[in-house]
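# Residue-level structural notes
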Amino acid sequence: MKRYQEDFIALAREHNVLKFGEFTLKSGRTSPYFFNAGAFATGAALAALGRYYAQCIVEAGVEFDVLLGPAYKGIPLATATAIALSDHHGRDVPFAYNRKEAKAHGEGGVLVGAPLDGRVLVIDDVMTAGTAVTEVIGLIEQSGARFAGVVIGLDRQERGQGVLSAVQEIELTHGAPVISLIGMSDIIEYVEQDGDLAQDGVLAAMRNYRTKYGVQCTN
Ligand SMILES: O=P(O)(O)OC[C@H]1O[C@H](OP(=O)(O)OP(=O)(O)O)[C@H](O)[C@@H]1O
Ligand SMILES: O=C(O)c1cc(=O)[nH]c(=O)[nH]1
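Residues numbered from 1 in each chain as written. Chains lettered and ligands numbered in written order. Predicted model: local features only at pLDDT ≥ 70, side-chain atom pairs only at ≥ 80, totals over all residues. Heavy atoms only, no water.

- As annotated in an unreviewed UniProt entry, the chain carries the name Orotate phosphoribosyltransferase and is attributed to Chromatocurvus halotolerans.
- Comment text from UniProt for the chain, heading Catalytic activity (unreviewed entry), reads "orotidine 5'-phosphate + diphosphate = orotate + 5-phospho-alpha-D-ribose 1-diphosphate". (UniProt positions renumbered as here; feature names shortened; annotations may be inferred.)

Below is the structure:
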């Protein structure tokens, strides 16, 4: 793991973002772990997140014209990433986000911020089955813009709608990269190194879950 990946996991544990137990996911799957990015709820945590996402984008060399943070948890992530790209990489990029429900008064609509023009890079927290990102790609295409890829904090490295991983499905269908800060394999590595978690049966539950829903590592 790279230094910023270890720091990202440490930050997630410190803020109780990465939890172990029993959780129901958007896909209906029952998971022994959950990554609640909403608990990154301080200015310093968001500033650090922005730096990690920005570093990941710069290292990946992905080309884009505008950042898009999907509601809800993608919104502060895209904001923090835009600030970090400006502060630490000298790149002042436009960013936008969407509403889950269209606004019927005032300016109206579902999009807020910069217009979706050109290549749009989506910034989100987690990918499981890929449903959320697929929806937001629809929004980008309806706006006449082009999907340039997605950067996620955690790739859960799970199957999408078929036998391929959600990441492979998105990459094959849309011809754009899915870039992640960490994958489930990194969390398993973290659990393996933590004697208490391994003893509590977390490691066994994680491995069982990976057997049921996982795919080979994609990062
Ligand atoms: O890959 P998927 O199976 O779609 O699941 C992952 C998505 O689900 C959650 O979003 P949710 O729609 O619950 O919205 P939130 O940001 O409002 O929590 C999470 O933030 C991911 O974006
Ligand atoms: O699949 C999901 O719904 C999901 C998984 C996860 O770890 N975190 C999250 O916010 N959503």
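Past the structure itself, the notes keep going.
## Some remarks on the site of ligand 2
- Around ligand 2 sit Leu 25, Lys 26, Phe 34, Phe 35, Lys 73, Asp 125, Val 126, Thr 128 and Arg 156, and those are all the residues in its vicinity.
- A distance of 2.8 Å separates a nitrogen atom of ligand 2 from a polar atom in the backbone of Phe 35.
- A distance of 2.5 Å separates an oxygen atom of ligand 2 from a polar atom in the side chain of Thr 128.
- Mapped by element, the contributors of at least two residues to the shell around ligand 2 are strand S2 (30–35) and strand S6 (119–127).
- Tallied by class, the residues present in the shell around ligand 2 amount to four nonpolar, one polar and four charged. (Near = heavy atom within 4 Å. Polar contact = N/O pair within 3.5 Å; in protein donor to acceptor, adjacent residues only side chain to side chain. Helix = DSSP H or I, 4+ residues; strand = E, 2+ residues; numbered from the N terminus. Nonpolar A, V, L, I, M, F, W, Y, C, P; charged D, E, K, R; others polar.)

## With respect to helix H3 (residues 74–89)
- Over its 16 residues, H3 extends 21 Å from the first C-alpha to the last, a length consistent with the 22 Å expected when each residue adds 1.5 Å.
- Three or more residues of H3 are buried, namely Gly 74, Ile 75, Leu 77, Ala 78, Ala 80, Thr 81, Ala 82, Ala 84 and Leu 85.
- Each element contacted by the buried residues of H3 is listed here: helix H2 (43–60), strand S3 (66–69), strand S4 (95–103) and S6. (Expected span 1.5 Å × (residues − 1). Buried < 20%, exposed > 50% of the residue type's maximum accessible area, 1.4 Å probe, protein only. Contact = heavy atoms within 4.5 Å.)

## Quick word on the pattern of salt bridges
- According to the stated counting rule, one finds nine salt bridges in the structure shown.
- One salt bridge connects Arg 119 with Asp 65, and the closest N-O pair in it is separated by 3.0 Å. Taken as a pair, Arg 119 in strand S6 and Asp 65 in the loop between H2 and S3 lie far apart in primary sequence, 54 residues in all.
- Arg 207 is the salt-bridge partner of Glu 192, the closest N and O atoms lying 3.0 Å from each other. With Glu 192 in helix H6 (residues 184–192) and Arg 207 in helix H8 (residues 202–213), the pair connects residues that are 15 residues apart, well separated along the chain.
- The class for Glu 192 is partly exposed, based on a relative accessible area of 41%.
- One connected set of salt bridges, linked through shared partners, spans Arg 29, Arg 156 and Glu 158. (Salt bridge = Lys/Arg side-chain N within 4 Å of Asp/Glu carboxyl O.)

## Some details on H2
- Between the first and last C-alpha of H2 there are 26 Å, a value that for 18 residues agrees with the 26 Å anticipated at 1.5 Å per step.
- When H2 is considered as a whole, its buried residues turn out to be Ala 45, Ala 48, Leu 49, Gly 50, Tyr 52, Tyr 53, Ala 54, Cys 56 and Ile 57.
- Buried residues along H2 sit against helix H1 (3–14), H3, S6, strand S7 (146–155) and strand S8 (178–183).
- At the exit of H2 stands Gly 61, carrying a positive phi of roughly 70°.

## Quick word on the nonpolar core
- Core analysis: the largest hydrophobic core is formed by 49 residues, its most contacted members being Phe 20, Phe 35, Phe 40, Ile 123, Val 151 and Ile 187.
- Look past the residues within four positions of Ile 187 in its chain and what remains in contact with it is Leu 18, Phe 20, Tyr 33, Leu 154, Ile 182 and Met 206.
- The next biggest cluster of nonpolar side chains, apart from the first, holds 22 residues, and it includes Leu 116, Ile 140, Ile 152 and Ala 166. (Core = buried A, V, L, I, M, F, W, Y, C linked by side-chain atoms within 4.5 Å.)

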